[in-house]
Amino acid sequence: IFVPCAIVATGSYYAPYLENVAGMNTVISSTFAVIRGTAFPIVAALLFGVLSKKIGRSSSLLLTSCVALVVLSIVLRLVPGSAAVLWPLMIIMVCIAFFTGGCRAVNWAIIDEAGTAKNMVGSVIGVASLIGYLPDAFIHTMYGGWIDTYDFTTAYNKIFNFCIIVAVVGAIFAFFGERIIKKRQMELKANGSVSTEE
């Protein structure tokens, strides 16, 4: 939850980046921001929902998304902001929005997949929400401070570096979550097989 929350908050800074660093027209950057922030997450949510049903667990999709966000964040950090690479920048940002939207669509499903007791679900969601939505409490102040203190290129490098760190931490947690849920599903399948034989 923390990862998509931080990445979504960062997405609101893409338009100023495209304008002030890459030289994009204000009208075009605003239009792109609306499309990127709405259309692609919706498509991703639908696709990830269908895929999670087919695969039988959402943890593998969360792991894939976090790994993809690590790679995309690194590429975004390395690609220099200029008019010559506007299209690559836009494609990277669209892909980030896609995987972030997909991640948000299935992240709550792992609570049930992990075998959380029904009487504990509310508490787990409460604690997860407290931690997961924490970026909304500080990220804009932190980013704003960087933008006010440094030149645009340096400030955005710091922003992209922060996203890389967040995505890496998310990928690590998603990896262990995938192992736990996969192990549980295998145990349930084995127990089901045993009971069937009996």
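See the structure above.
Residues numbered from 1 in each chain as written. Predicted model: local features only at pLDDT ≥ 70, side-chain atom pairs only at ≥ 80, totals over all residues. Heavy atoms only, no water.

Caption draft 1: Summary view of the packing of helix α3 (residues 26–55) against helix α4 (residues 59–78). Packing of α3 against α4 leaves a shortest axis separation of 9 Å and a crossing angle of 130°. Between α3 and α4, the interaxial angle falls into the category oblique. Residues Phe48, Leu51, Ser52 and Ile55 of α3 lie in contact with α4, whose contacting residues are Ser60, Leu61 and Ser65. Broken down by class, the residue content of the contact of α3 with α4 amounts to 4 nonpolar, 3 polar and no charged. (Axes fitted to C-alpha atoms, helices over the stretch in contact; angles between N-to-C directions. Helix = DSSP H or I, 4+ residues; strand = E, 2+ residues; numbered from the N terminus. Parallel < 35°, antiparallel > 145°, perpendicular 65-115°, else oblique. Contact = heavy atoms within 4.5 Å. Nonpolar A, V, L, I, M, F, W, Y, C, P; charged D, E, K, R; others polar.)

Caption draft 2: Focus on the packing of aromatic side chains. All told, the structure shown has 11 aromatic pairs when counted by the stated rule. Their ring planes at 50° and their centres at 4.8 Å tell us that tyrosine 17 and tyrosine 156 sit as a pair that is tilted. Separated by 139 residues along the polypeptide, tyrosine 17 in helix α2 (residues 14–20) and tyrosine 156 in helix α9 (residues 152–197) bring together distant segments of the chain. Note on accessibility: tyrosine 17 and tyrosine 156 belong to one class, buried. A ring pair is formed by phenylalanine 98 and phenylalanine 99, whose centres lie 5.4 Å apart and whose planes are at 90°; its orientation type is edge-to-face. Ring pairs connect the aromatic residues Tyr13, Phe138, Tyr143, Trp146 and Phe162, which therefore count as one cluster. (Phe/Tyr/Trp six-rings, centres within 6.5 Å; stacked < 30°, edge-to-face > 60°. Buried < 20%, exposed > 50% of the residue type's maximum accessible area, 1.4 Å probe, protein only.)

Caption draft 3: Examining a nonpolar patch on the surface more closely. Taken together, the side chains of Val168, Ile172, Phe175 and Phe176 make up a nonpolar region of the molecular surface, amounting to roughly 340 Å² of accessible area. Locating isoleucine 172 in the fold gives a position in helix α9. (Patch = residues over 30% accessible without salt bridge, like charges linked within 9 Å, V, L, I, M, F, W, Y side chains within 5 Å. Areas by Shrake-Rupley, 256 points an atom, 1.4 Å probe, with all protein chains shown as cover. Salt bridge = Lys/Arg side-chain N within 4 Å of Asp/Glu carboxyl O.)

Caption draft 4: Structural detail: the environment of cysteine 66. Note that cysteine 66 resides in helix α4. Judged by relative accessible area, which is 5%, cysteine 66 ranks as buried. Put simply, cysteine 66 and leucine 188 are 122 residues apart on the chain and 27 Å apart in space, counted from C-alpha to C-alpha.

Caption draft 5: How the structure looks around the packing of α4 against helix α5 (residues 86–106). In contact at an axis separation of 9 Å, α4 and α5 are set at 155° when each is read in the N-to-C sense. Taken together, the axes of α4 and α5 lie roughly antiparallel to each other. Between α4 and α5 lies a crossing whose hand is left-handed. Residues Leu62, Ser65, Ala68, Leu69, Leu72, Val75 and Leu76 of α4 form the contact with α5, whose participating residues are Leu89, Ile92, Met93, Cys95, Ile96, Phe99, Thr100, Cys103 and Val106. (Left-handed = near helix turned anticlockwise from the far one by under 90°.)

Caption draft 6: Local environment of the side chain of asparagine 107. Examined against the element boundaries, asparagine 107 turns out to sit in the loop between α5 and α6 (109–113). Residue asparagine 107 is classed as buried on the basis of its relative accessible area of 8%. Not counting residues within four places of it along the chain, the set of residues in contact with asparagine 107 comprises Ile1, Pro4 and Leu62.

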